[in-house]
Structures are given as structure tokens and as C-alpha cells.
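# Architecture and fold: a report
One letter stands for each residue in the lines below.
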Amino acid sequence: MNELKVRLAKLLLELSYREGDFTLTSGKKSDYYFDCKQTALHAEGSYLIGRLFVEMLNDFECKGVGGMTLGADPLVTSTTVVSFLEGNPMPGFIIRKKSKGHGTNQYLEGLANFGAGDRVVLLEDVCTTGGTLITAAERVRDAGLEIAGVLAVLDREEGGRENLEKAGLALSAIFTRRELLSAGGR
């Protein structure tokens, strides 16, 4: 495992991983909770996520990245900034949970940086069932963009990857839960 992933694993376990009794967005009960925003909003954590996502984006032909607010906001920002610093600038977009309700009444912010048919990669902090990503993908496709793939910080390995595949979306993750715990020495 490369040095960046090892360092990110330590930060994620320190700042974002909690064990206990939790109810997830999907409604499922879990013995652990992963709050990626704590790490994604940490200066080094943001940089590491952005660097690793930019490396993973080399496997895709795409113009830019985007994701569902609020979890993906720092991921999109770090990835776009790192892509610029590494000489291959990619724009980003954010998907609203509800349409704007005024003005353009759109779900996506940042569309001025894209054209119809542009290929994009969706970013997600945690994939459990894939439900949020499937909703996000529908909105992105409705806006005229094509989805090249999905990147997540953590795949909980609880059916999300399989549900995304059924919806025509391929998931790649920086870590599965097992990989994260192993990389962090747990």
C-alpha cells in the first residue's frame, strides 16, 4: 500500500471512524460509523483524498467530477484543486438534494464548466447501499452528462457496489472497511 493511503488510513481512523450503535442514512443499523467529512475538512486529509482520487481518475476518460451535497462537497473541492496543481485541471459540480426552487431551478451547480454529453466521475464519501449515488446519477444524466464511473473514500461492502452495478455504475473505492482497518493497524 502506498504511503499516501497509509497516512490517509491513519487520519480516517483517528478522525472519522467510530464504533458503537448507529443508524445509517440507509436506515440500516451498524456497529460503526464513518464520518468522512471530519477527515475531508482536515487540511492534510483533504489533500490526501484529492491526490488519491486524482490518481484513480487516470483510469477514466472524463472531463470533471461531482457529487451530492454535503458529503461530496469537500471531495469535489480537493479533487479539482489537486487536479489543477498537477497540471490536468478538472472542473467540478455539486448536486443539490432539492432543486433550487428559484432562478434556474436546477439540481446541479457548476454546469457552466460542462457541455452536453461530457463524461464525469461521481465522488462519494461512503457507499453503503448505493441509494444516494443512484439518485445523484439520475440527476446528472438528466442534466445531459454521462457518468464514466464512481469513486468513494470507503466502500462499506454492504451491497452498494452490487446495487450500483445493476444501475450501470462502476464503483472504485480508496478503501473497503477491511482494507481501512488493516492499513490503520487494527
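Before reading further, recall that the structure is shown in the block above.
Now for a description of the structure that goes with this document. From a predicted model like this one, the values you see are computed outputs, not experimental measurements. (Residues numbered from 1 in each chain as written. Predicted model: local features only at pLDDT ≥ 70, side-chain atom pairs only at ≥ 80, totals over all residues. Heavy atoms only, no water.)

### Considerations on the overall build of the protein
Counting its secondary structure elements, the protein contains 7 helices and 8 strands. Taking the principal axes of its C-alpha atoms as reference, the protein extends roughly 45 × 40 × 30 Å. Considering only contacts in the protein between residues 6 or more positions apart, those separated by 24 or more positions represent 66%. Of note, the protein has its 22 positive side-chain charges centred 4 Å away from the centre of its 25 negative side-chain charges. (Helix = DSSP H or I, 4+ residues; strand = E, 2+ residues; numbered from the N terminus. Contact = heavy atoms within 4.5 Å. Lys, Arg positive; Asp, Glu negative; His and termini not counted. Charge placed at Lys NZ, Arg CZ, Asp CG, Glu CD.)

### Things to note about helix α1 (residues 3-15)
Between the first and last C-alpha of α1 there are 18 Å, a value that for 13 residues agrees with the 18 Å anticipated at 1.5 Å per step. By the burial criterion, the buried members of α1 are L4, K5, L8, A9, L11, L12 and L13. Its side-chain oxygen at 2.9 Å from the backbone nitrogen of L4, N2 defines the N-terminal cap of α1. (Expected span 1.5 Å × (residues − 1). Buried < 20%, exposed > 50% of the residue type's maximum accessible area, 1.4 Å probe, protein only. Polar contact = N/O pair within 3.5 Å; in protein donor to acceptor, adjacent residues only side chain to side chain.)

### A word on the sheet that holds strand β8 (residues 171-176)
Pairing within the open sheet is mixed, and its 6 strands lie in the order β5-β4-β3-β6-β7-β8. One side of each edge strand has no neighbouring strand; the edge strands of this open sheet are β5 (108-109) and β8. Pairing between strand β3 (residues 64-68) and strand β6 (residues 119-127): 3 bridges, direction parallel. Within β6, the position partnered with G66 by the bridge is L122. Strands β3, β6, β7 (146-155) and β8 of the sheet are contacted by helix α3 (residues 43-57), whose axis makes an angle of about 140° with β7. (Pairing = 2+ DSSP bridges. Axes fitted to C-alpha atoms, helices over the stretch in contact; angles between N-to-C directions.)

### Topic: the side chain of T79
Tracing the chain through its elements places T79 in helix α4 (residues 73-85). Judged by relative accessible area, T79 falls into the buried class, the value being 1%. Among the polar contacts listed, one links the side chain of T79 to the backbone oxygen of L75, at a separation of 2.8 Å. Apart from the residues within four sequence positions on either side, T79 is in contact with G50, F53, V54, L57, V65 and L123.

### Some details on the pattern of salt bridges
Going through the model one piece at a time under the given rule, you end up with 11 salt bridges. R7 serves as the salt-bridge partner of E44, at 3.0 Å between the closest nitrogen and oxygen. Placement of E44 in helix α3 and of R7 in helix α1 is noted, with a sequence separation of 37 residues between them. On the basis of relative accessibility, which here comes to 30%, the residue E44 falls in the partly exposed class. For K63, the salt bridge goes to D118, with nearest N and O atoms at 3.7 Å. Of the two residues, K63 sits in the loop between α3 and β3 while D118 sits in the loop between β5 and β6, which places them 55 residues apart along the sequence. K63 gets classed as partly exposed once you look at its relative accessible area, which sits at 36%. Owing to a relative accessible area of 18%, D118 belongs among the buried residues under this scheme. Taken together, the shared-partner salt bridges connect R51, E55 and E86 into one network. (Salt bridge = Lys/Arg side-chain N within 4 Å of Asp/Glu carboxyl O.)

### Details of the state of the cysteines
Any covalent bond linking the sulfur atoms of two cysteines counts as a disulfide. Evaluation of the coordinates by the stated rule reveals 0 disulfides. Looking at C36, it has no disulfide partner, and the nearest cysteine sulfur is the one in C127, 13 Å off. The class for C36 is buried, based on a relative accessible area of 1%. C127 sits in the buried class, given a relative accessible area of 1%. (Disulfide = S-S within 2.5 Å.)

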